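So the chains spell out like this:
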Amino acid sequence: MSKDSKKGGISRRKFLQGVGSGIIGSYVLTPGIAKAAEALKKNSEKLILSVPLTLKVNGKQAHLLVEPRTTLAEVLREKLGLTGTKVACNNGECGGCTVLLDKKAVYSCHILALDAEGKEVTTIEGIMKGENLHPIQQAFIDHDGLQCGFCTPGQVMAAEALLLKNPKPTRQDVLEGMSGNVCRCAAYPNIIESVLAAAEKAGSETAELK
Amino acid sequence: MENIDLLYHARGESKFIDDLRLPSDALYAAIFYSSTGHGRILSLDLRDALLMPGVKAILTSKDIPGENQIGGVIADETLLAEDEVHYAGQPIALVVAESPECARKAVKKIKVLFDELPVVLDPREAFRKGSFIIPPRIFSMGNTSLAWDNCLVIVEGRAETGAQEHLYLETQGSVAYPTDSGSLKVTSSTQAPTAVQRAVSRVTGLPMNKIEVEASRLGGGFGGKEDQANSFAAMAALSALKLNRPVKLVLSRQEDLRITGKRHPYSSDFKLGLDSEGRILAYEVTFYQNAGASADLSPAILDRTLFHCTNSYFVPNVKATAYSLRTNLPPMTAFRGFGAPQGMFAIESAIFKAAEKMGVEPSYLQEKNLLKEGDAFPYGQSAEGCRAKESWLAALETFETGEIKNRIEKFNRENQFFKKGFAFMPICFGISFTNASMNQAGALVHIYSDGSIGISTAAVEMGQGVNMKLRQIASAIFQVSLDKIKIEPANTTRVANTSPTAASAAADLNGKALEKACNELLERLLNAAALKLKTEDKPVIINEEILLKEEKTGLKWEDLVKMAFDERMDLTSHAHHITPGIYFDKLLNQGRPFNYHVYGTGVVEVTLDCLRGTYTVDSLKAIHDSGKPLNPLIDRGQAEGAAIQGLGWLTMEEIAYASKGPLLSDSLSAYKVPDVYFSPGELDIRFLKASDNPRGIFNSKAIGEPPFMYAIGVFFALYNAIKEFRPEVRMDFTAPLTNERLLLALYSKEKNTVTA
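Owing to the predicted nature of the structure, the values given are computational and were not obtained by experimental measurement.

Participant: Explain the overall build of chain A here, please?
Facilitator: Within chain A, the regular secondary structure consists of seven helices and five strands. Secondary structure elements of chain A, listed N to C terminal, follow the sequence α-α-β-β-α-β-β-β-α-α-α-α. Out of the 210 residues belonging to chain A, those deemed buried represent 56%. For chain A, the share of sequence-separated contacts (at least 6 apart) that also reach a separation of at least 24 residues comes to 56%. Of the accessible surface of chain A, which amounts to about 9500 Å², a share of 54% is contributed by carbon and sulfur atoms.

Given below as structure tokens:
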């Protein structure tokens, strides 16, 4: 699986080991990690305190109290009830939990909720236009780009990030943009078709507007 | 055609087990499992774990009120280990706590001491030690010992295939709720609600009528949740019963990888004899099946290997012996193909080797020996409606394989370090559970007084589109639109005593039962219409309107249903279906185990980078016999997905165990599965035209498993590419053919043989 830089970053496991043994300096120091480390330092009885967090998810503000170690995926699923985001590996390897962070695709199991503060989080629940399906969702349905459906929200979000960045992707661009999302049913041929079709439809609609 | 499941999946609204909202008093379980492949438990120290705040209980085998047994075929598997562990990953204790995190933290505080015992991971070693799961199974036809004398060419060799992880993206999981009157409701990510119900009953000691099991949908199953969902549901149920609170158990990816069984690794010895014209005269094969620590479904899988050991070829003299061997690995289990791919890989290896020896192309031998109408399989059944040759010829013509060959030859002449290879892969796959009693299904149909329809069967939707197919069947019979038809989750209180959604047969079996139930209701409704219209003629329904002698009557579907309700007619029907005419004598190993066979021919083309040992699968094309496909869009998706999963099995998916038994490839960074890049540039699966199948539902054929085996061609296509670079190489038939093995084959200095 090619690892796109967009989905890089620090593994949660390494982060926890880092925080635990006080060697976080050897990892990328994100604001969330700094905040988590501070919370740990203040707190000698080893009880991890929850810290306040304001997240903007699908256009709505949510005020939360979370343990610093909490991932964005956990917050979305467990605190906000947004279970469309699936956790299939919890290790940044499968793409099931892909959401948008400031319009870029991220593995939400792989970043801390604290690091999403101040950014726009978009999940599968947030991309419909009212009652209408997003064109990518429609394309996945029309082109049978899914089977069991478990990876589908992640696939749709990866496709959305790709098309936001590159509205006219080539087939090769689609392969690259979607390569971080595993589909074990292997609906790949139809996933590729779905993304290309969604791009084409959006392109023709833009042309009409002009 | 609108598939309602897709809509909710695409919106992220479909609820899987881990998405269910639980009551606030729910608890969460986590499994403490063995870290060693074989050992006696000297001590189990739960104290520190029990002292953790939030931990409610830790359950061991001593807490099981019923039987500590989940072996469905053979009673050889405990739910929780007693005094010995037989594989790394074997569950020993269950922690039940207020949160999953708390339960997992407590698991880490459990201390166990083992007296380590010898670990056996290799099936041939288990064979030498006599560790058989069941007595040897032998299928034979003709007389091979007499036939060898007539053979001009005889080849012998070994074929090895590796394990394969299911990697359903939704891990195993279950929620159990205590309900009134000492009963339990269990929701499970299972392909087999009745099997879960039986397992829970056995473990809890409750009768089956006090256990309701429901499966709404699965985030992938592929066989991995046919038998192995049972234990996790039983664990959730046991915990719920003990604590009298709802309990959820959902495995983490790593737990799932370590605890659950995979596709069986096989090691096989083959001997193939042919006459001067390339006709196969005799085939002897011995399969060593690595069953893992307990039987699970291994005996049935072993049989399916034997049933498919001659693939789509006629072999007059066959002796096939199969051993199911107990090793210290997690119990291996069902996986798409159910033993057939392993059997088919062995004979394809033998044919490849014979072709090498005879200096002909393997496809020459493959074509020459294809089954013809009426040819006998080595288990007493003969080929009926045989489409082996038809699909082969259609593949030659449709895909212009002659052109492909010329193009590849030209490419190989012009390129030094990139070589192309190409191979044919014919398939023949029998449809039915080979355990005849499992070929039954029930369907319950309600027509509600507003004309909407609810359907219950045992079919579990897991991406194969069975819900859509069932809706199509009801829609065709009642002549109502799809949006009037809802498929209910499989639930043991609505349809009882059911078979798993497996063996590619869910649409066939449940569809036939549904057809019967719908037809009964239709008959009642039409009689009511005739009464109302005061006619002796039989009205018909077309597009929700009641017609009499091709004239509209003004009566619509809703009117008819309302009228029937007012007339106090029963608008519910239950029907039961059994596959007719199938039987199998397990002593003689003769009978008619299959309702029908699925045929097809695949063609695989690869390009190998001979410097790096990397490759691309340029195309996988196939002419596939799906009868009259019930839903061509769904069936094509199934065929493509199966083929890609097969490509993974033969190439990149490599399971590694440490010598003491623990799984090394326990994450997706260590275990690679096909991604969108790996998907063949051209994946072109077409349905054989002018086919039908009176034995299938609406003349269709089962689709889930057969196309998996087209992928076997990739192994031989890669082998051909290697030979273009290094003509003298004679490689072992060992799959998966990983990049590492490819590089060894390209450059190893070992003379003429490469053992990776």
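Now that the structure is up, let's keep going.
Participant: Is there a simple way to think about the pairing of strand β16 (residues 418-431) of chain B in this case?
Facilitator: Moving residue by residue along a regular strand, the side chains alternate between the two faces of the sheet. Residue and element names in this part refer to chain B. Of all 14 residues in β16, 13 are buried; the element is thus mostly enclosed. Judged from the 14 bridges that link them, β16 and strand β27 (residues 596-609) form a sheet pairing that is antiparallel. Its bridge partner lying in β27, P426 is registered against T601.

Participant: Quick question: what am I supposed to make of the domain arrangement of chain B here?
Facilitator: Residues and elements named next belong to chain B. Once the domains are mapped, chain B shows domain 1 (26-118 + 166-259), domain 2 (266-433 + 588-747) and domain 3 (440-578). With 17 residues of domain 1 at the interface, the matching set in domain 3 holds 15 residues. Interface area, domain 1 with domain 3, both sides summed: about 1300 Å², of which 52% is carbon and sulfur. Residue E214 pairs with R494 through a salt bridge whose shortest N-O separation is 3.8 Å. Linking domain 1 to domain 3 there are seven residue pairs in polar contact (both at pLDDT 80 or more).

Participant: For this particular structure, what's the right way to read the interface of chain B and chain A?
Facilitator: Interfaces are often described in size by the accessible area the parts lose on coming together. Across the boundary between the two partners, chain B contributes 51 residues, which contact 45 residues of chain A. Among the residues of chain B in contact with chain A, L169, V676 and Y677 of chain B are the three that bury the most area, contributing 19% of the side total. Linking chain B with chain A are four salt bridges. Across the pair D18 of chain B and R77 of chain A runs a salt bridge whose closest N-O atoms are separated by 3.5 Å. Broken down by element, the residue count for the side of chain B that touches chain A peaks at eight residues, all from helix α17 (residues 632-650) of chain B. Across the side of chain B that touches chain A, the residue classes break down as 21 nonpolar, 17 polar and 13 charged.

Participant: Is there a simple way to think about unusual backbone geometry in this case?
Facilitator: For residues other than glycine, phi is negative in most cases, and the peptide bonds are mostly trans. For the bond from A735 of chain B to P736 of chain B, the omega torsion is 5°, close enough to zero to count as cis. Mapped onto the elements of the fold, P736 of chain B is located in the loop between β30 (733-734) and α19 (739-747). Unusually for a residue other than glycine, N90 of chain A sits at a positive phi of about 55°. Along the chain, the position of N90 of chain A falls in the loop between α3 (72-79) and β3 (98-101).

Participant: Honestly, the sheet that holds β16 of chain B in this entry has me stumped. Any pointers?
Facilitator: Two pairing modes exist for strands in a sheet, parallel and antiparallel, and in both the strands are linked by backbone hydrogen bonds. All names here are of chain B. Pairing is mixed in the open sheet, where four strands are placed in the order β16-β27-β28-β29. The two strands at the open ends of the sheet, each matched to only one other strand, are β16 and β29 (682-687). Shown here is a sheet whose adjacent strand axes are inclined to one another by a mean of 15°, direction ignored. Against the sheet, helix α13 (residues 401-414) touches β16, β27 and β28 (614-624), its axis set at about 150° to β16. Sheet contacts for helix α18 (residues 712-725): β16, β27 and β28; angle to β16, the most-contacted strand, approximately 155°.

Participant: It is not clear to me how the domain arrangement of chain A should be interpreted in this structure. Could you clarify?
Facilitator: Residues and elements named next belong to chain A. As far as domains go, chain A holds domain 1 (5-123) and domain 2 (135-204). With 19 residues of domain 1 at the contact, the number on the domain 2 side is twelve residues. In this assembly, domain 1 packs against domain 2 so that about 1000 Å² is buried in total across both faces, 64% of it on carbon and sulfur atoms. Among the residues of domain 1 in contact with domain 2, K86, T98 and L100 are the three that bury the most area, contributing 35% of the side total. Across the contact surface, domain 1 and domain 2 share zero salt bridges. Linking domain 1 to domain 2 there are four residue pairs in polar contact (both at pLDDT 80 or more). Breaking the side of domain 1 that touches domain 2 down by element, the ones donating at least two residues are β3 and β4 (104-107). Classifying every residue of the side of domain 1 that touches domain 2 by side-chain character gives seven nonpolar, six polar and six charged.

Participant: Is there a simple way to explain the packing of aromatic side chains in this structure?
Facilitator: For any two aromatic rings, the description comes down to two numbers: the centre-to-centre distance and the angle of the planes. All names here are of chain B. Throughout the structure, instances matching the rule amount to 31 aromatic pairs over all chains. Here Y288 and Y323 contribute two aromatic rings whose centre-to-centre distance is 5.5 Å and whose plane-to-plane angle is 35°, an arrangement assigned as tilted. Taken as a pair, Y288 in strand β14 (residues 280-292) and Y323 in strand β15 (residues 317-326) lie far apart in primary sequence, 35 residues in all. In this structure Y323 comes out as buried when scored by relative accessible area, which is 14%. In this structure an aromatic cluster arises from ring pairing among F270, F345, F352, F715, F716, Y719 and F733.

Calculation rules
- Residues numbered from 1 in each chain as written.
- Chains lettered and ligands numbered in written order.
- Predicted model: local features only at pLDDT ≥ 70, side-chain atom pairs only at ≥ 80, totals over all residues.
- Heavy atoms only, no water.
- Helix = DSSP H or I, 4+ residues; strand = E, 2+ residues; numbered from the N terminus.
- Buried < 20%, exposed > 50% of the residue type's maximum accessible area, 1.4 Å probe, protein only.
- Contact = heavy atoms within 4.5 Å.
- Areas by Shrake-Rupley, 256 points an atom, 1.4 Å probe, with all protein chains shown as cover.
- Pairing = 2+ DSSP bridges.
- Domains from an automatic or database assignment.
- Buried area = accessible area lost by both parts, 1.4 Å probe.
- Salt bridge = Lys/Arg side-chain N within 4 Å of Asp/Glu carboxyl O.
- Polar contact = N/O pair within 3.5 Å; in protein donor to acceptor, adjacent residues only side chain to side chain.
- Nonpolar A, V, L, I, M, F, W, Y, C, P; charged D, E, K, R; others polar.
- Axes fitted to C-alpha atoms, helices over the stretch in contact; angles between N-to-C directions.
- Phe/Tyr/Trp six-rings, centres within 6.5 Å; stacked < 30°, edge-to-face > 60°.

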